[in-house]
Amino acid sequence: MKNNFGKILFGTSIALGLSIVTANTAQAGTITSVDIGGTAANDYFVYESDGTNTSRVLNPTSGDINQALVGDSSNPGGNIELAASSEQGGFDFTKNTTLEGEIGGKDITLSSLTLSDWTSTYKNTGLTFGEYWFNSALTANGFGILVGSGLFNTFQAQNGFQRFSDPNISYVNQDYTTGDINIGLAGHLNAAPMILGTDPDPMYGPVIQASEIVKYTYNGTTDYLFSFTGTNSDLVSDDGTHSHNANYNVTIPAKTPEPSAILGLLGVIGMFAAQRRKKVAS
């Protein structure tokens, strides 16, 4: 009987564990309750897509904002550019623009970067975030030999920080199976001119893939997301910049079940054990 009860208890714990995962997954989907905020809440552009080009929406409504986020990695569609004036003269690099909402039953904030984000030491790397990201971009694209060559100083002097601080967010979805949150960043298939500071030959020049950077806060974690692997979006902006022709998918990985959920599971198991002891005693 003890052996059977152990099997029942184990089976119950597994079933309850699966129900926790199922409950969390049931809340997955697309970002909702979207709002634009931050210390520069009006500094954003909304771009719509006609399947070939993206074009800026003048005087966007909340409906335009939500429509711009409809899509996924196979069909990114329009996008919302945060800190849209970052590359213009007089830009206040101490302020940020955010896209806020809810996904997976939790609040999420996606933000443009400020100067302090770039110049602060990043985790335990011993580098500023700017140095870490720039070195990573070169290495990931096969140009690691240029790390420490002084190219970073040129990048910074030519407003490279500002150029990669205004993420264009094209979708925010949560995977029903894994719980991972996928975010699309519209950008350039070849960011070499912005990284190297020169305009390479379009036929034979170097190709460097690098997304803009988005800062996120979700489920108790704040960090940066970026990618050095872009896919063709089959779109291009109609403003002459030839942007938005790449989609960079970045991911916030799912966390293990919340401690409260685990404690709840242990509590249920304890209740079963107590009832069993009571029954045996009687």
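Residues numbered from 1 in each chain as written. Predicted model: local features only at pLDDT ≥ 70, side-chain atom pairs only at ≥ 80, totals over all residues. Heavy atoms only, no water.

1. Considerations on the overall build of the chain
Then, in step 1: Scanning the chain for helices and strands turns up eight helices and 13 strands.
Then, in step 2: Going through the 282 residues of the chain one by one, you find that 43% of them count as buried.
Then, in step 3: Considering only contacts in the chain between residues 6 or more positions apart, those separated by 24 or more positions represent 65%. (Helix = DSSP H or I, 4+ residues; strand = E, 2+ residues; numbered from the N terminus. Buried < 20%, exposed > 50% of the residue type's maximum accessible area, 1.4 Å probe, protein only. Contact = heavy atoms within 4.5 Å.)

2. Structural notes on the side chain of Q162
Then, in step 1: Counting through the fold element by element, Q162 comes out in helix α6 (residues 160-163).
Then, in step 2: A residue is classified by how much of its surface remains accessible, and Q162, at 17% relative accessible area, is buried.
Then, in step 3: Aside from chain neighbours lying at most four places away, what touches Q162 is S86, E87, F91 and F93.

3. So, helix α4 (residues 129-140)
Then, in step 1: Taking 1.5 Å per residue as the helical rise, α4 with its 12 residues ought to reach 16 Å, and the 16 Å between its terminal C-alpha atoms agrees with that figure.
Then, in step 2: The set of residues buried in α4 consists of F129, G130, W133, F134, S136, A137 and L138.
Then, in step 3: For α4, the elements touching its buried residues are α3 (115-119), α5 (151-157), α6, α7 (192-196) and β10 (221-225).
Then, in step 4: Looking one or two places after α4, you find G142, whose phi comes out positive at around 85°. (Expected span 1.5 Å × (residues − 1).)

4. A closer look at the nonpolar core
Then, in step 1: In terms of nonpolar packing, the biggest core is built from 28 residues, with I80, L99, I108, L110, I169, V172 and I183 touching the most fellow members.
Then, in step 2: It is strand β13 (residues 246-252) that provides the largest number of residues to this core, a total of four residues.
Then, in step 3: Those residues in contact with I183 that sit more than four places away from it in its chain are L110, I169, Y171, V172, L225, Y248, N249, V250 and I252.
Then, in step 4: Membership of the second largest hydrophobic core comes to 26 residues, among which are L138, F152, A192 and F228. (Core = buried A, V, L, I, M, F, W, Y, C linked by side-chain atoms within 4.5 Å.)

5. A closer look at the sheet that holds strand β4 (residues 79-82)
Then, in step 1: Spatial ordering of the open sheet is given by β11-β13-β8-β7-β4-β2-β3-β12, a layout of eight strands whose pairing is mixed. Looking at which strands have only one partner, the edges of the open sheet turn out to be β11 (231-232) and β12 (236-237).
Then, in step 2: Two elements, strand β2 (residues 44-49) and strand β3 (residues 53-57), share four bridges in a ladder whose sense is antiparallel. In the strand pairing of β3, Y47 is matched with R56. (Pairing = 2+ DSSP bridges.)

6. A short note on the pairing of β13
Then, in step 1: Most of β13 is tucked away: five of the seven residues are buried.
Then, in step 2: Alignment of β11 against β13, held across two bridges, turns out to be antiparallel. Bridging from a neighbouring strand, N232 pairs with A246 of β13.

7. Some details on the sheet that holds strand β5 (residues 98-103)
Then, in step 1: The five strands lie next to each other as β1-β5-β6-β9-β10, forming an open sheet whose pairing is antiparallel. Single-partner strands in this sheet number two, and they are β1 (32-37) and β10. Adjacent strand axes in the sheet meet at a mean angle of 20°, parallel and antiparallel pairs treated alike.
Then, in step 2: For strand β6 (residues 106-111) and strand β9 (residues 214-218), the ladder comprises four bridges, and the chain directions are antiparallel. Within β9, the residue paired with T109 across the bridge is T217. (Axes fitted to C-alpha atoms, helices over the stretch in contact; angles between N-to-C directions.)

8. A short note on the packing of aromatic side chains
Then, in step 1: Considering all chains together, one arrives at 19 aromatic pairs under this definition.
Then, in step 2: Seen from their ring centres, W133 and F155 are 5.9 Å apart, and the 35° between their planes marks the pair as tilted. Placement of W133 in helix α4 and of F155 in helix α5 is noted, with a sequence separation of 22 residues between them. Residues W133 and F155 agree in their burial class; the two are buried.
Then, in step 3: Ring geometry for F134 and F155: centres 4.8 Å apart, planes at 35°, overall tilted. Here F134 is found in helix α4, whereas its partner F155 is found in helix α5, with 21 residues between them in sequence. (Phe/Tyr/Trp six-rings, centres within 6.5 Å; stacked < 30°, edge-to-face > 60°.)

9. Digging into the confidence of the model for the chain
Then, in step 1: Residue-level pLDDT values for the chain average 86, and 80% of them are 70 or greater.
Then, in step 2: Across residues 4-28, confidence stays below pLDDT 50; counting only partners more than four residues off in sequence or on other chains, it has 21 contacts.
Then, in step 3: Predicted confidence for residues 258-266 stays below pLDDT 50, and this span has eight contacts to residues more than four positions away or in other chains. (pLDDT = per-residue confidence, 0-100.)

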